[in-house]
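Coordinates in review
Listed here are the chains, written in short residue letters.
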Amino acid sequence: MIKNWLRTALRNLRKNKTSSAINIFGLTIGLSSCLLIALFIRHELSYDSFEINGKRIARVIMEYRFSGAEGWQRGNFTSTKVAPTFKRTFPEVESAVRMTMRGDRIIGYEDRLFTEKRFMYADSSFFQVFSFGLLKGDPATALSGPKKVILTESTARRYFGPGEAMGKLLRVGTDSTLYQVTGVMADVPSNSQFKFDFLASFSSLYANQEETYWDANYGTFLLLKDESAFARLQPKVTAFMKKEMPGPGASVNFLLEPFMRIHLYSEYVGFEPGTSIVYVYILAGVALLILVIAGSTYINLSTARSVERAREVGVRKVIGAGKGQLFWQFIGESFLLCLIAVVLSLGVVLLSLPAFNRLADRELPAASLFSLPFLGLSLLTAVLVSLAAGSYPALILAKFQPVKVLKGAFKNTRSGQGLRQSLIVFQFVISVFLIVSTFVMQGQLRYIQEKKLGYDRERVMQLPMSYKMLDRMDYIKNLAKGNRDVLSLSHCAASPVSIVGGYNMRSSTMTNDQQLSVNGDPIDEDFIRTTGLQLVAGEDITQQDVKDATPWYRGDTVTGAFYHFVLNETAARLLGWTPQEAIGKRMFLGDNRPGVVKGVVKDFNFASLHNAIKPLVLFPDMRADRLLVRITGDHIPQTIAHLESTWKQVAPYMPFEYHFLDDDYNKVYASEQRLGKVMNLFSGIAIVLACLGLFGLSSYAAKQRVKEIGIRKVLGASLTNLAMLLSGGFIRLALIAILIAYPLAWWAMTKWLQGFVYRQRIDWGVFVLAGVMVLVVTLATVSIQAVKTALLNPVKNLKVE
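This one's a predicted model, so the numbers in the text were calculated from it and none came from an experiment.

1. Comments concerning the overall build of the chain
Regarding its fold elements, the chain presents 25 helices and 23 strands. Classification of the 801 residues of the chain by burial places 53% in the buried group. Long-range pairs, those at least 24 residues apart, make up 80% of the contacts in the chain with a sequence separation of at least 6.

Structure (structure tokens):
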């Protein structure tokens, strides 16, 4: 019996080559798309799943406010005091670890220099809290003292080749401090929120002290005794902090965030940008919609073709076939075709996975495809589509009496036609929805790229620099500007793309317990000119202003240090001043930086467009992490070569490595850009699949009306008339789909855009364009079949039985 079913199924596949090819191709592409998205979603959902104690780990979130301030300020930062204090105070805390990531670390070995971007510091308790192990070395002592470092396996191989890494000395930083390699560990998994190549002892930092809750520049993680300790510990922490800071001034509290929720659910950025769970839901929805389109195409063509097999069913019933035999015949044929598509889709995914990894910026392993969950998912999908595609025609045809079936009575019923029309409408609803969504997302990404941010990020290079260079900055600037294509240079702690440093500030009329929380950036006299900020009141910082503030930084004495501040418009407004009124007002930045407001710059976006512009202060300082270089953009290779030559003269101990501010800006919106690219890809796939189904159905419709077309042609109907005859019904269905999809797409995109404080308005033109695209594609697809049928000889068409 099974052999007979298989023979019949293969015969039908060969007999209907066009529809079989469309079905196999559509299902293959649909399943491939779903498997790729499923791989991505599985990877995101599996973040940190290897952590044995993951559900017992808490990240500490600091919240603070000053007297008179509205609401709490929060961030994923703490001081070095929190971890040891909490471990001593609360019995619920089993262990605690302090961590920080330091990018652009200069590492030297023998005569080679490297700039390493993934250099992390952590307490020796790191291996007690997290489930990382060592291939070489002792976890209990590898980070137990200063100037110790653990390398990942690939990093050790990169520096020492096949030789032994243990005990070797590396030069770290611009001062070439010697660190001893005390351990080698396996490379960090791709689904870990900690991405590092070097793990150094936290005691190596000058910050290894417990003096204040305010020097908050580090991450703190707690390992609790059990999962239920979250609920017990949080009120204890709040009560404890009220005792620690009882005064009427500033208030500090700490919140406990479950470690396993950081990557997908946290509003606070971790050691790497997370993926919003909303984007996971969006991609899951896209995968489902694509699968539905592919399945609908198959079901449509299967129900259409089943009409042609009505006589076959009638004959089988006459010779004794029962309903069950007929039902499983159709199901078996559907399952065979779906199984072919599953096998092909696995091959397509293997071939396309490297490109998809580049698109998604992930390292999705191909081996996951052949894991039991994925193979089971693929087979389950094949079974479900087989049942959906095969059961309807089998059940309907099996119910007819043989005499009626042999007369083709099924052709005159509305059931098959109604189902096909409903599925066509559903396919086009999905297509229009995805097209509109893609247009809106691309529009928002374009808005992000084109928005005037208040500074000029084009043609500005950024280079990591060391403190050794500060005493020679005038010489370095003059040497670099010896090339006419170098316009200006500035050193600063942060570029205008992302200023995260936090300070408290007050005017002379405010008391000590009345403070304004601001972001701040130490700069020099050329920062505003180099970044293109716009002064709306007052004057720019001068070299003399930098000298006035210098004594405090040199460590000689605090007396005599005086600051000239530049505020943004938001800071001036929150302090109760217009930009003009702010000039000359006395200010205090923290407890030890007195000064006056010298200028006010126009508000600019120094953080993501997801957030509103916050108050900001720029102040002169000789601290510097980076050097900004504005160039003309002409003769870029020659300009870079000149800068490299200059660099080798003034900083031979540092490799010359640079990037542009545009690159930094794009990284802020990496997740949105990935989503936009993925939506482009899969929206195109959805449209292609919908057109495939439409092509197959229009071909079937033309075949069913071949005699009518022949008669109309004999009577003088033109090709245009015949094309409109066949396409009219499909156009009506497309219009219905457009009317249904528009409000759904508008609602979904409105919700998505609400995640941006600065966003574009949804343009009605995108709806018109999406509708026109669908109508044009529908008309073109159907017209191809209409013209092909109309060009046939009418005499031969009328002879067809």
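2. Some remarks on a nonpolar patch on the surface
A cluster of nonpolar side chains, namely F335, L339, V343, L379, L380, V383, L384 and L387, defines an oily patch on the protein surface of about 640 Å² accessible area. The set of elements that each furnish at least two residues to the nonpolar patch consists of α10 (323-360) and α11 (372-399). Element by element, the count of residues in the nonpolar patch is highest for α11, at five residues. Within the secondary structure, L380 sits in helix α11.

3. Description of the nonpolar core
Within soluble globular proteins, side chains that are nonpolar generally end up buried alongside one another. With 127 residues, the main nonpolar core has V629 and W647 as its most contacted residues. The residues touching W647, leaving out its near neighbours within four places in the chain, are L463, P464, M465, M469, L627, P652, M654, P655 and F656. Counting 24 residues, the second largest nonpolar core, distinct from the first, contains M62, A83, F90 and V93.

4. Side note on helix α20 (residues 661-668)
Helical geometry: 3.6 residues make up each α-helical turn, so side chains three or four residues apart lie on a common side. Of the residues making up α20, those classed as buried are L661, D664 and Y665. One face of α20 carries all of its buried residues, which in axial projection span an arc of 100°.

5. What about the side chain of R630?
Looking at where R630 falls in the secondary structure, it is placed in strand β22 (residues 626-631). Every residue in contact with R630, bar those within four places of it in the chain, is listed here: D456, E458, R459, V460, D485, V486, L487, S488, R529, T530, T531 and G532.

6. Considering the environment of T174
With respect to the helices and strands, T174 occurs in the loop between β8 (169-172) and β9 (177-185). Through-space distance from the C-alpha of T174 to that of R105 is 8.2 Å; in sequence the pair is 69 residues apart. Those residues in contact with T174 that lie beyond four places of it in its chain are I106, S466, K468, Y653 and M654.

7. Observations concerning the confidence of the model for the chain
For the chain, the average pLDDT comes to 83, and 85% of its residues sit at 70 or higher. Taken as a whole, residues 552-558 scores under 50 in pLDDT and shows 17 contacts with residues more than four places along the chain or in a different chain.

8. Thoughts on the pattern of salt bridges
A full pass over the atoms with the stated rule returns 20 salt bridges. Across the salt bridge formed by D197 and R118, the nearest N and O atoms sit 3.0 Å from each other. With D197 in the loop between β9 and β10 (198-201) and R118 in the loop between β5 (112-116) and β6 (119-122), this pair connects stretches of sequence that are 79 residues apart. Judged by its relative accessible area of 13%, D197 is buried. For R118, a relative accessible area of 34% gives the class partly exposed. A salt bridge links E272 to K195; the nearest nitrogen and oxygen atoms lie 3.1 Å apart. Taken together, the residues E272 in the loop between α7 (262-265) and α8 (277-308) and K195 in the loop between β9 and β10 connect sequence positions 77 residues apart. Each member of the pair E272 and K195 is classed as buried. Within this structure, K477, D524, E525, D526 and R529 form a network of salt bridges that share partners.

9. Comments concerning the pairing of β10
As defined by bridge partners, β6 adjoins β10 across four bridges and the pair is classed as parallel. Directly across from Y121, in β10, lies its bridge partner A200. Looking at chain direction, strand β7 (residues 148-152) and β10 are connected through three bridges and run antiparallel. The residue bridging I150 from the neighbouring strand is L199, located in β10.

10. So, the packing of aromatic side chains
Scanning the model with the defined rule gives 35 aromatic pairs in all. Relative to F132, the ring of F126 has its centre 5.5 Å away and its plane inclined at 20°; by these criteria the two rings are stacked. Each member of the pair, F126 as well as F132, is classed as buried. The structure contains a cluster of three or more aromatic residues connected by ring pairs, namely F50, F126, F127, F130, F132, F194, F196, F221, F259 and F271. The ring of F119 has R105 lying over it, and the distance from NZ or CZ to the ring centre is 6.0 Å.

Parameters and conventions
Residues numbered from 1 in each chain as written. Predicted model: local features only at pLDDT ≥ 70, side-chain atom pairs only at ≥ 80, totals over all residues. Heavy atoms only, no water. Helix = DSSP H or I, 4+ residues; strand = E, 2+ residues; numbered from the N terminus. Buried < 20%, exposed > 50% of the residue type's maximum accessible area, 1.4 Å probe, protein only. Contact = heavy atoms within 4.5 Å. Patch = residues over 30% accessible without salt bridge, like charges linked within 9 Å, V, L, I, M, F, W, Y side chains within 5 Å. Areas by Shrake-Rupley, 256 points an atom, 1.4 Å probe, with all protein chains shown as cover. Salt bridge = Lys/Arg side-chain N within 4 Å of Asp/Glu carboxyl O. Core = buried A, V, L, I, M, F, W, Y, C linked by side-chain atoms within 4.5 Å. Arc of directions from axis to C-beta. pLDDT = per-residue confidence, 0-100. Pairing = 2+ DSSP bridges. Phe/Tyr/Trp six-rings, centres within 6.5 Å; stacked < 30°, edge-to-face > 60°. Lys NZ or Arg CZ within 6 Å of the ring centre and 35° of its normal.

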